[in-house]
Every structure is written in C-alpha cells, then in structure tokens.
Amino acid sequence: MCGIVGAIAGRQVQDILLEGLRRLEYRGYDSAGMAVLSDDGQLERRRAAGKVAALENALKEASLPGCLGIAHTRWATHGRPLERNAHPHMSGNKLAVVHNGIIENYESLKQELEAEGYAFTSDTDTEVIAHLVAREYDRCGDLLAAVEGVIARLDGAYALGVVHADEPQTLIGARKGSPLVVGVGIEEMFIGSDPLALLQVTDRFIYLEEGDIVRLTRKGAEIRNAGKAVEREITTFEHGDGAVSRGGYRHFMLKEIYEQAGVVSATLEGRLTENHVLTRSFGAAADTLFDQVDAIQIVACGTSYHAGMVARYWIEKLAGIPTQVEVASEYRYRDVVVPRNTLFVTLSQSGETADTLAALRFAQSQNKYLGTLAICNVPGSSLVRESELSLMTQAGPEIGVASTKAFTTQLVALLLLALALRHQRQGNDDVQANAVKALRHLPDVLKETLALDSAIETLSAAFAEKHHALFLGRGPQFPIALEGALKLKEISYIHAEAYPAGELKHGPLALVDSEMPVIAVAPNDELLEKLKSNLQEVRARGGELFVFADSRANISEGEGVHVMTLPQVDELVAPIIYTVPLQLLSYHVAVLKGTDVDQPRNLAKSVTVE
Ligand code: G6P
C-alpha cells in the first residue's frame, strides 16, 4: 500500500507534505521520505527508516526548502524496510518518484536498464520507474509525455507522484489500481492517496479514475487517459476533519471502540421506519433489484470478511436467500459457478483494498451477476464508485489499524440488508418490527457494554504472559470469535485461533491445557446449551475459561471459570454486542504488553497491494 502526498504551491511545502504523511501513516509506517525542489533548482531528498516521526527528526536537522515536492510513507513489499529502500527513489539528481503498488514486470525492466548502465541503489520495484522516466524525459523533454510513455510498459498496480528538476512548474500524478486524488487549492495543487491526507490544505478534490495521468501546475490540472485529454469533476469533501486527534484517549483504537454507540446510531439514521428497513437506503435501483435476488455472493478481506460471515447467518435466516462468503484473494482467482440472479456484495472499510476491488472488477467482467452492492465506509472510494448500489457505513475515519467501529457498523449495515431483503419478499411482519426495535436500542446496549471496560482491563492481566489463546463461538458468534482472535493476534502478537465450539473435539482440544486460555462468547441463543457442553469439555481438560455471557445463561464462576456478564440483548443483534468485550480485551492485553496498539508491526490499515 504506502501513502503518497505531493504539492506544488507558492509557499514552502515541507510541512504540508509532512502533515500529509502523518495522516497517511495508516497505509504503512516502516519508512518515510520526501524530495523537494529548492528555488535554485536542486532536488533534495531526506529519508528515514521507521515511522514518519523519524523523517520529521531528519528534517529538523536539515530541512527541505522549496515549493514543489513529493513524499511517501512505506509498507514494504519489495526490499526490507531500510532507508535505502525508502521512497522517493531518484534517477540521477534530477528526477524523483514516489510509488504505491507493485510493478510485476520490474525484473525484466531492471535487466534492460542495467544493461544500459543504470545503477540501482535499492531492492525495490519502484526504482525502475525512476530510471525509465528519466531516460524517457531525456528523449522527449516533457515530463507528462515521459510518464505516459513509461506507464504503458508497467504491469501491475500503481499510484505515482513524479517531479523533475528541469520542470519546476510541474507535478505529475498517475493511477492504475491504487488510489490517488488531486487536491485543488487556490494557486496551489496537491496529490494524495486519499482526501484525508490533504484536508489541512483543501476540501476540494478530483478523484482520479483508472488509467488517469495528471499534470499539475499551480494553476490547475491537465488530465489524460488512454492518450486523450479528459475532464474530471471537482467535488467538495463534506465529512469534516475531526478524525485525526485522539481526543483525550490513550490510543485511537480505544477512542474508536468508545465511538461505537454514536456511529451505530449514525449508520441507522434515516434507514428505518417504525417496523421495517427502507430498501431505498441501498440506492434508487434497490427496490427492483432486491426483488429479483435469488442468491448472494459476499466478498471481502480481513475484518470485513468476518462481517460477511455473520451476514450469511442473518441473510439465510431472515430472507431465506442462499449466501456465499469468500475472501477476495481466493474468490478472484477461482472458476466461480454463479447461480442465477446472484447479487455480488463487497464489504470494505476503505473501499480501496486491492483484492476486494479486483474481485469486484472480475465479477463485473464475468457478466454473470444480477448487480453489485458495496457496503463501505469511505464515500467516493473506488469500490463505491464502481458498484451499482452502495450503502455507506457511518463509522467516520478509522485510524487504528485494528478495525473496530468499522466492523460493528458493517454488521449493522448487513443486518439492514438482510431485513430489507426480507421486506421485499414478504412485506411487514413481527420479525422485522422486533428487529427494528432491537436495532434502535443497540446504541444504549453498546454504552452499557462499554461500561465493562475496567472489569475487562482487570481480566486482561491473565493473558499478558500467555503465548496462545483459543476463541469459541457457535452460530453467528463463530465469526465473532474469529474476529476476537484476529484482534488479539494483530495488536498483542499472541497467537490466537477461533473455532466453532462444536468442532473443538475434532482437533483443537488436544492443545488445551492450563497455558491455553479459552475465551467463549455465550449469548442467550438457541445454541447456548450446546455451547455449555463444549465448555465442559474444556474444563475437563484443565483449560481456563473466560466466558462473555448473557445473565440468563446460568454459567457460574468457579475455579478456572471466569464469567463476564453482558447486558441482556436480542439474539439477532447479539453478534454486534459481543464484539465489544473482545475488542476491549485485545486492547488491554496489548497495552499491558506494551505493543504499538494503533500501528502494530508489519501491518497497515489500507492494503492497496495484492
Ligand atoms: C487490512 C486492515 C484490516 C482490514 C482489511 C480489509 O488488513 O488491517 O483491519 O480488515 O485490511 O480492509 P477493508 O478496508 O477492505 O475493510
């Protein structure tokens, strides 16, 4: 993935670029760099391994004055996270490039360039772009034309920012497969991997489309696609810029966990009547389209995939529509048999995840689906723009790499989908009226659940020294157990697995001993008694149990059994509520272990590479 920011202005750009990088750190944070063209025509670069703060320190020692520059925060794909692999990459001392994505044919290009005498100083795929553009520029003397010529030879995915010392009035951007926006200022122009990176300088954006290449000067943008000039609309970003502060919380993750009651309300707003879900919330065409749906294919990655797994239980139960759920990286490379009238649904916080986006495009290219729906948190993202229908979750910007509020709002959106599909099929009924009531009550129950925070903090001490943990759930709580395990491994680096509790006896029971804490989610549902038997199996093997349970579950505390009682909640919305204590548990374990909670090692928030 990686984050890109660039600026051409009548003022100094170093601090604008630095602030942009801080805002883009969610895209990667293993090294950072910046190149700025000084007023006397010197293209200077600073780079540092580690987070943006390390670059900031390097700039304190030696700043980069000038009004044209590009910068980058990296998530390593090719080459270890060392300073020499950090972007920008340069060819000679006149051309600099920042790149997000992967160039698949870089090895053959590198051989070609090496044969011509170009020397490589990094292990990255990006450096070939720098040399190719420099070579092309020497031939044609025009940076836009040079970049245009080079990208025709690149296989893979990229967003690029390019500057050349001999064109001090030009900043070039290009996108194919990785996001890039243009920020429109007054007598100054910017590029960024997303609007958030530039909100400190403008709220007007051009969302570049696939294959676009743009020449920015201080006066404006010239955009070309497939060799022709094209016009792109300027849109105003209307979602505020309140996201980038921790607001008194120790970590973004904790702030975001606490925001869940509010953002769940926002996700419900305007989408419910007294007794049903408004199908129109999914777009004007949804009424007609939902009537025809005979099957659903959900595709997503990571936490969003777990939301999809819960949705399968809901959609089959409430709407009686057969539903498949698959991770995007598998789906996109499979010979998929598509049942008639299948709705293709993607789930994504960012709307830019490379595999999910590629899966959508693959599905569209097959021409076998009834329609496409994106459930997404970022308006204007590629996934939203390329899908026929969309429903926005209203989680607001999520900064912590481990997804929390984006997940619970996705669950809410998916329950709305299941209920809307049911309504299309059979009009109003009590099931929907009760579900609407439970949904409206959800923000209050979330607040009650958050009140368990300090008790969970106390509980977390039992995990800090452990190396493994096992999460159990049944029915729609199985994906919640998976999500609990994912959170724990992402931020505390404790190896965690999740199993449907009924599967315990088929293998994982062999691992259970006093060193393997077993966490179970036990709402008051039809599978409760079965789950309780599974928990007995754990106890009988000396496993220590941590059970998050409904007060009606009648699971008593005892030696080796810790019970945390959750508010009574309707069975249908229980997966949303039971997510919260697992988030808090991971959070507190990570804090105790002293890991980097918001930016765990080796991960990034938005994964725009395959
Ligand atoms: C990354 C993030 C996860 C996220 C996944 C899918 O791995 O670290 O938190 O669930 O990408 O992202 P998306 O934006 O498509 O939901």
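Residues numbered from 1 in each chain as written. Predicted model: local features only at pLDDT ≥ 70, side-chain atom pairs only at ≥ 80, totals over all residues. Heavy atoms only, no water.

Looking at an unreviewed UniProt entry, one finds the chain named Glutamine--fructose-6-phosphate aminotransferase [isomerizing] and attributed to Zymobacter palmae. Its UniProt record gives the chain a comment under Subcellular location (unreviewed entry), which states: "Cytoplasm". Looking at the Catalytic activity (unreviewed entry) heading of the UniProt record, one finds this comment for the chain: "D-fructose 6-phosphate + L-glutamine = D-glucosamine 6-phosphate + L-glutamate". (UniProt positions renumbered as here; feature names shortened; annotations may be inferred.)

Draft legend 1. Structural detail: the pairing of strand E7 (residues 156-164). Most of E7 sits out of view: seven of its nine residues are buried. Relative to strand E8 (residues 171-176), E7 is paired through four bridges, and the arrangement is antiparallel. Note on E8: the bridge partner recorded for Leu-160 is Ala-174. What sits between E7 and E8 in their antiparallel hairpin is a turn of six residues. (Buried < 20%, exposed > 50% of the residue type's maximum accessible area, 1.4 Å probe, protein only. Helix = DSSP H or I, 4+ residues; strand = E, 2+ residues; numbered from the N terminus. Pairing = 2+ DSSP bridges.)

Draft legend 2. Expanded view of the nonpolar core. Membership of the largest hydrophobic core comes to 91 residues, with the highest contact counts inside it found for Ile-315, Leu-439, Phe-471 and Phe-548. Sort the elements by how many residues they give to this core and helix H13 (residues 405-426) lands first, with 12 residues. Other than its neighbours up to four places away in sequence, Phe-471 contacts Ala-481, Gly-484, Ala-485, Leu-488, Ala-496, Glu-497, Ala-498, Tyr-499, Ile-519 and Leu-582. Formed by 31 residues, the second largest nonpolar core is a distinct cluster that contains Val-13, Ala-71, Phe-205 and Tyr-207. (Core = buried A, V, L, I, M, F, W, Y, C linked by side-chain atoms within 4.5 Å. Contact = heavy atoms within 4.5 Å.)

Draft legend 3. Spotlight on the site of the ligand. Close to the ligand lie 13 residues; Ser-304, Ser-348, Gln-349, Ser-350 and Thr-353 are nearest. In this structure, Ser-304 approaches the ligand through a side-chain N or O atom, which is 2.6 Å from an oxygen atom. Here an oxygen atom of the ligand and a side-chain polar atom of Ser-348 are 2.6 Å apart. Protein coverage of the free-state accessible area of the ligand, which is 390 Å², stands at 90%. A per-element tally of the shell around the ligand places helix H9 (residues 302-319) first, with three residues. A breakdown of the residues in the shell around the ligand according to their chemical character gives four nonpolar, eight polar and one charged. (Near = heavy atom within 4 Å. Polar contact = N/O pair within 3.5 Å; in protein donor to acceptor, adjacent residues only side chain to side chain. Areas by Shrake-Rupley, 256 points an atom, 1.4 Å probe, with all protein chains shown as cover. Nonpolar A, V, L, I, M, F, W, Y, C, P; charged D, E, K, R; others polar.)

Draft legend 4. Inspection of the pairing of strand E16 (residues 295-300) at higher detail. Burial of E16 is extensive: six of the six residues sit out of reach of the surface. Side chains Ala-295, Gln-297 and Val-299 of E16 all project onto a buried face; the interleaved residues Ile-296, Ile-298 and Ala-300 project onto the opposite face, where all are buried too. Taken together, the five bridges between E16 and strand E18 (residues 342-348) define a ladder with parallel strand orientation. The partner of Ile-298 across the bridge, within E18, is Val-345. A crossover links E16 with its parallel partner strand E17 (residues 323-327), the connecting element being H9, and its sense is right-handed. (Right-handed = clockwise from strand over helix to strand, strands pointing away.)

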